[in-house]
Amino acid sequence: MSSFFSSKSSDLQNLINKYIDVIEKCSLVFKEGFKCYINWQEERFTNYYKDMIALENRADELRHDIKFKLYSYMLIPESRGDVLGIIETLDDVVDVCKKVMEQLSIEKPDIPENLRPGYLELSELSSKTILELVKATRAFFTEIKLVENYINKVHFYEHEADKLEESLKRKIFEHRDIAYLSVKMHLRYFVEKIVLPSDMAESVAERLSVYAIKRRL
Amino acid sequence: MIRSLIFLSSGAFLGWSLGANHAGIFWGTAIGTKMVKFRTAAILCSIFVILGSVIGGGGVSSTLSQLGTIEHLAAAFTVALAAAVTTYSMSKAGIPISTSQAVVGSIIGWNIYSGFGVDYLVLTKIASTWVVSPVLTGAITYGLFKVVQHFINKSKVHMITLDTWTRYGLVIVGIFGSYALGANNIGNVMGVFVEANPFKEIELLNILVIDPTKVLFFVGGLAIAVGVATFSKKVINTIGNNLYKFSPITALIVVLSVSITMFLFSSSSLHDFLNSIGLPALPLVPISASQAIVGGIIGLGLARKNVDINYNELGKIVIGWIVTPISAFLICYISLYFMENVFLQVVN
C-alpha cells in the first residue's frame, strides 16, 4: 500500500535529496577551497573552484527538474509553494559560494599573515552555518520536530560569523603594515563576501522555520 | 402522483438544503488542496450520498418513526416543512444548524396536535445524541490526532509521500463522509414520510425488487445530490470552510472523525453486532454534522494542547438544542392547524 502511494513521488524525493547533497558539498568545497587559497595552494584552489562551478551547474539542473516534477505530481498547492521557496533560496546560497570563489580567483586579495587565521575561521563559520541549514532542510522533509533545533544552530553560527566579521574589519583598518586605504577596502570587501553565505543561510533558515510551523500538526 | 410529489417537496427541500450546506464539510479541503475539481467532488459526493441513503438509511428512520408514526402525507409534508423553515431561519441567524433537532421538534408538534402524546424514552434517547455526538467526535479527533502524530514522528515519512497520502486520504474520507451523511441524515429528509410513503415497490427485469422505502430514500438522496450539485460550490466559496484554517492533515482528521461519528450513529449492522455481544450500542439517530465538527475542532485543540475553545460557538450549539426544537414544534403545531382547517387535509 505504502509503496503504491510512494512510487510516484519517489523520483521527486530522490531529486530533492540529491539537491540537498549538492548544497552540503558546496559548503565543504567552499571551506576547503578557501583553506587552499589561504595556504597558497593555487592549483588545489583552482580545482576546488572548478568543483564549485560543476556543483552550481548540477544544482541548477536539479532545481529545474524538481520544479518540473513539483508541478506534474500535483502536490498540495501550499506544500508545492513551500518546497519551491526552499529550493529557490537554497540556490542563492550555492550562487554566493561560487561567486566568492570566483572573485578570489580573479582578484586574488593579498591577505596579511596575521589576519589569515581570522579569514579561515570566518570561512569555516560560513560553512558550518550552511551545514546546519542542510540538516534543518533534511529534517523539514522527514522529521519536522527537529527543524527548530538545527535552525537555532544556524542562528548561532551566523551570529558568531557576524562578530568575527566586525572584529576582522577593525583589525584590517587598525593594521599598521597596510599602507593603502584601497588595500584595506579590498580586504574588508572580502570579509563581507566570505560572511555572505552564512547571512544567506540564515535567511533561508528563517523561511524554513515559518514553513515548519505551518506544517506542524 | 402529482399530489404526492407536491407533498414530498418539503422533504426534498430539506434534502436540497442539507446537500448545499454539508458537502463543504466533507469535500472542502479536498477541493481546496486541488486534489479534486468541484465537478468530480460533486459527482462522487452525490453518488455516495445516494448509496448511503438507500443502503444504510433504514436504521435512523425507524428511530424517528418510534417518536411519531405519521401516516398521512399532508401531515408528513407539514412536519418536514416546519423543520425546513426552522432550519433555514436558524442558519440565517448563524446558529450551527441541526436538521435533526428541527425534525424532532416538528414530530413532537404533530404528536401533541394529534393528541398522541410523546414517548419520552425515545425523546431522551434522541436528545442525548445531541450532546453525545459532538463529544464523541471530539474524542475520536483527539485519539486520531495522537495516533497520526505518533506515526509521523516515529516513521520519518518523507513530506512528499505524506502529502500524497493526505491527498488520497481526503478523497477517500470525502467518499466515506458522503456515504455516512446519506445514511445518517436521510432520516431527517425522508424519515417522516416512511409511513405515508406514496411510492410502490419497483421490480427491475424480474430480478431486482426495490422496496418502497428504498425508493423514497433514493428520492431523498437525489434531493441531497441536487443540493450538492447546484448550491454547495457557492456555499464553499462564499461562506468558506472553517477547516481551511487547518493544515490538510488536521482537516483530514477532523473530517474523518465527523464521518466516523455519523457512521456509528447510522450503521444498523454495527448496532446489531454490538447488541449481539452484549455491548451497549449507539442509538441510530440523525445527528448534526455542523455540531459534530465543532466537537471535532475542540478535540483537536485539546490534542494540540492549544485549547482555544470558542465559547461563542459552543453557546450557539446549546442555544440550538433548546431553540431549534421549540421553534419547529410551534411552527409545526400552527401549520398543522392551517393544513387541517384551511386546506382541509387529513393530518391525524
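Look up: the structure comes first, before these words.
Residues numbered from 1 in each chain as written. Chains lettered and ligands numbered in written order. Predicted model: local features only at pLDDT ≥ 70, side-chain atom pairs only at ≥ 80, totals over all residues. Heavy atoms only, no water.

> For this particular structure, what's the right way to read the packing of aromatic side chains?
A ring pair, where both rings are aromatic, is described by two values, the distance of the centres and the angle of the planes. All names here are of chain A. Counted by the stated rule, this structure contains 16 aromatic pairs over all chains. Considering the side-chain rings of F140 and Y211, the 6.5 Å spacing of their centres and the 50 degrees angle between planes classify their relative orientation as tilted. Note that F140 is positioned in helix α4 (residues 116-142) and Y211 in helix α6 (residues 181-215), a separation of 71 residues in sequence. Classification of F140 by relative accessible area gives buried; the value is 1%. Summarising the aromatic geometry, the rings of Y189 and F190 are spaced 5.4 Å apart at their centres and angled 90 degrees between planes, so their arrangement reads as edge-to-face. Taking relative accessible area as the criterion, F190 reaches 1% and is therefore assigned buried. (Phe/Tyr/Trp six-rings, centres within 6.5 Å; stacked < 30°, edge-to-face > 60°. Helix = DSSP H or I, 4+ residues; strand = E, 2+ residues; numbered from the N terminus. Buried < 20%, exposed > 50% of the residue type's maximum accessible area, 1.4 Å probe, protein only.)

> Just to check I follow, could you spell out helix α11 (residues 289-303) of chain B for this structure?
Since one α-helical turn is 3.6 residues long, residues separated by three or four positions face the same way. All names here are of chain B. With 15 residues, α11 extends 21 Å between its outermost C-alpha atoms, agreeing within 8% with the 21 Å of an ideal straight helix rising 1.5 Å per residue. Here α11 lies mainly inside the structure; 12 of its 15 residues are buried. Elements that come into contact with the buried residues of α11 comprise α1 (2-32), α5 (99-114), α6 (120-155), α9 (248-264) and α12 (311-341). For α11, the N-terminal capping position is held by S288, with its side-chain oxygen 3.4 Å away from the main-chain nitrogen of S290. (Expected span 1.5 Å × (residues − 1). Contact = heavy atoms within 4.5 Å. Polar contact = N/O pair within 3.5 Å; in protein donor to acceptor, adjacent residues only side chain to side chain.)

> Any chance you could explain the nonpolar core here in plain terms?
Here is a general trend for soluble globular proteins: nonpolar side chains tend to be buried in one another's company. Counting residues in each nonpolar core, the largest one holds 86 residues, and the members touching the most others are B:F26, B:W27, B:V192 and B:F193. Residues within four places of B:W27 in sequence aside, it is in contact with B:V36, B:A41, B:L44, B:C45, B:V171, B:G174, B:I175 and B:S178. Core analysis: the second largest hydrophobic core is formed by 71 residues, A:A59, A:I111, A:I151 and A:I194 among them. (Core = buried A, V, L, I, M, F, W, Y, C linked by side-chain atoms within 4.5 Å.)

> What is the right way to look at helix α3 (residues 58-67) of chain B in this model?
Of all the 10 residues making up α3(B), 7 are buried; the element is thus mostly covered by neighbouring parts of the structure. All of the buried residues in α3(B) are B:G59, B:V60, B:S61, B:T63, B:L64, B:S65 and B:L67.

> Which parts of the structure should I look at to understand the interface of chain A and chain B?
Where interface size is quoted, it is often the accessible area lost as the parts come together. Contacts between the two partners involve 23 residues from chain A, matched on the other side by 26 residues from chain B. Taking both partners together, chain A and chain B bury about 2,300 Å²; carbon and sulfur atoms supply 67% of that area. Inspection of the chain A/chain B interface yields 4 residue pairs in polar contact (both at pLDDT 80 or more). Only α1 (2-38), α3 (77-107), α4 and α6 of chain A provide two or more residues apiece to the side of chain A that touches chain B. Here the side of chain A that touches chain B is built from residues that sort into 11 nonpolar, 7 polar and 5 charged. (Buried area = accessible area lost by both parts, 1.4 Å probe. Nonpolar A, V, L, I, M, F, W, Y, C, P; charged D, E, K, R; others polar.)

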